[in-house]
Amino acid sequence: MRRCAAALLGQRARRRWLHLIVGGALFMPFWMVGTVVVGMLLGEGGLFTGSLGLQFGAYAVGLPLVAVAALFPLARPMSVATARALCGLPADTLADGPARGREAKARTAGWLTLHLGAGALISGASLALPPFAVSVLALPFSPALRESELGRLWGLDRPWWTWAAVPAGLLMLLALAAVAAATGALLARQAPRLLGPSPADRLAAAERRAAEAESRNRLARELHDSVGHALSAVTLQAGAARRVLDGGQGADLEFVREALTAIEETTRRTVGELDWVLGLLRRGDRSEEGPGPGPGLDALEALVRGAGPKVALTVSGDLAPVPEALSREAYRIVQEGLTNAARHAGGEPVTVRLDAGTEKVEITMENPLPARPPVVRPNGGHGLRGIAERARLLGGTAEAGPADGVWRLVVGIPR
């Protein structure tokens, strides 16, 4: 386990070192612009042949340019993607998308300046120090190196000092690795603070999650109401037809024919409704058009007819001017009410009254309470909740409960 942990730490350190080298590579254009500016002021030329003052002056000029470049929208997504991939940070600690607001832009500028500035120093050291350290390591073993400028600089006039070059070269390499690891760890600690979500980002993420949850809830309601109603209606009609056929030669074949016809109409209508619900799932593809409007109050008679002969419908008022959204939700409410009655009322007659008034649409559904208590399914209870949600989304109300020996559902939705 210790060996695995050490290997994991080593891999993380190497990736963070690579992250710093990427920052150094990104800093190169800014450093080159700084070299031109400082070279003109100092009267020096050449990108790599200038004095040490030119190099660090170009570095100082390049850092403000990096902070300005961080104000572009692409800066934070690029920085976040690189930090997630190479710093080993959890995805939820960093923000997604461009920076919004002055504070988020300032923090992004601070991060990019820190990343590219530290990366430039570590990258320069990574390019220059290893060859120098290897040359120092080889001093005791190479006559040519001992006679070179490096040998004279090292001071080979003292023989015992010659062999000190070996540990000195090793220490240089170890120091470079330690500094790179410490700098990478520093960047990893600062990334959540500088690239983390701002209050505006958290609010946008919460709104996005709420919209996604509402979309999932809507699809769940549509599937529950359309497919659930169809299965309940088909089960009820098929059970009634089977009981009639079990009566033998005196069976009412006309009733069986009507039940089979209701099953056929219900399944055919449900296939169309299922296509409409699946169209909602495909709406995320921009190359496809959204699905047309779902079933509304104009299909209410067919819905009631498919529910069986014990369902009576009374409609008052003009349904034509009812808005499309209200018509669709009212249809779903009646559909779910019939499903609940079929599941819990044990085949009792159901009365549906729809009043399309000028100010609101009122739906009243009643059925006698069954003699036996209804069987409660373990995962049931979603029907009345879905009806209440549909009514609430349109600014209406829904009340349901037993009264005077009947179960009554009253839904009022303003127009």
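Residues numbered from 1 in each chain as written. Predicted model: local features only at pLDDT ≥ 70, side-chain atom pairs only at ≥ 80, totals over all residues. Heavy atoms only, no water.

Draft legend 1. Molecular detail of the overall build of the protein. A tally of helices and strands in the protein yields 13 helices and 5 strands. The buried share of the protein, reckoned over its 415 residues, is 38%. Taking contacts inside the protein between residues at least 6 apart in sequence as the whole, the part at least 24 apart equals 70%. Taken as a whole, the protein presents about 23,400 Å² of accessible surface, with 64% of it coming from carbon and sulfur. (Helix = DSSP H or I, 4+ residues; strand = E, 2+ residues; numbered from the N terminus. Buried < 20%, exposed > 50% of the residue type's maximum accessible area, 1.4 Å probe, protein only. Contact = heavy atoms within 4.5 Å. Areas by Shrake-Rupley, 256 points an atom, 1.4 Å probe, with all protein chains shown as cover.)

Draft legend 2. How the structure looks around the pattern of salt bridges. Taken as a whole and judged by the stated rule, the model has 7 salt bridges. For Arg84, the salt bridge goes to Asp96, with nearest N and O atoms at 2.8 Å. Taken together, the residues span a long stretch of sequence, with Arg84 in helix H3 (residues 75–86) and Asp96 in the loop between H3 and helix H4 (101–137) at a distance of 12 residues. Residue classification places Asp96 among the partly exposed positions, given a relative accessible area of 49%. What you see here is one network of salt bridges that share partners, running through Arg353, Glu366 and Arg408. (Salt bridge = Lys/Arg side-chain N within 4 Å of Asp/Glu carboxyl O.)

Draft legend 3. Summary view of the packing of H4 against helix H8 (residues 165–195). Packing of H4 against H8 leaves a shortest axis separation of 10 Å and a crossing angle of 170°. Comparing the axis directions of H4 and H8 gives the class roughly antiparallel. Among the residues forming the contact of H4 with H8, the class breakdown is 23 nonpolar, 7 polar and 2 charged. (Axes fitted to C-alpha atoms, helices over the stretch in contact; angles between N-to-C directions. Parallel < 35°, antiparallel > 145°, perpendicular 65-115°, else oblique. Nonpolar A, V, L, I, M, F, W, Y, C, P; charged D, E, K, R; others polar.)

Draft legend 4. Highlighting the confidence of the model for the protein. When the pLDDT values of the protein are averaged, the result is 79; 81% of them are 70 or greater. Note on residues 285–291: pLDDT under 50 across the span, and 6 contacts to partners over four residues away in sequence or across chains. (pLDDT = per-residue confidence, 0-100.)

Draft legend 5. Local environment of the environment of Trp111. As for its position among the elements, Trp111 is in helix H4. Sequence-distant contacts of Trp111, that is, excluding residues within four places in its chain, are made with His19, Ser79, Ala83, Leu187, Gln190, Ala191, Leu194 and Leu195.

Draft legend 6. Structural view of the nonpolar core. Among the nonpolar cores identified, the biggest contains 26 residues, and Leu338, Ile363 and Val411 are the most heavily contacted of them. Sorting elements by how many residues they give to this core places helix H12 (residues 324–344) first, with 7 residues. If sequence neighbours within four positions are ignored, Ile363 has contacts with Ala330, Ile333, Val334, Arg353, Leu354, Leu409, Val410 and Val411. Judged by nonpolar contacts, the second largest core, of 15 residues, contains Leu89, Ile122, Ala191 and Leu195. (Core = buried A, V, L, I, M, F, W, Y, C linked by side-chain atoms within 4.5 Å.)

Draft legend 7. Seen up close, the environment of Arg221. Position of Arg221 among the secondary structure elements: in helix H9 (residues 199–245). A relative accessible area of 10% places Arg221 in the buried class. Here the alpha-carbon distance between Arg221 and Glu389, two residues 168 residues apart in the chain, equals 9.3 Å. Here Arg221 is in contact with Glu214, Gly386, Glu389, Arg390 and Leu393, once residues within four sequence places are set aside.

Draft legend 8. Broad picture of the environment of Leu18. Residue placement: Leu18 occurs in helix H1 (residues 2–42). On the accessibility criterion, Leu18 (43% relative accessible area) is partly exposed. Separated by 105 residues in sequence, Leu18 and Ser123 have C-alpha atoms that sit 9.2 Å apart.

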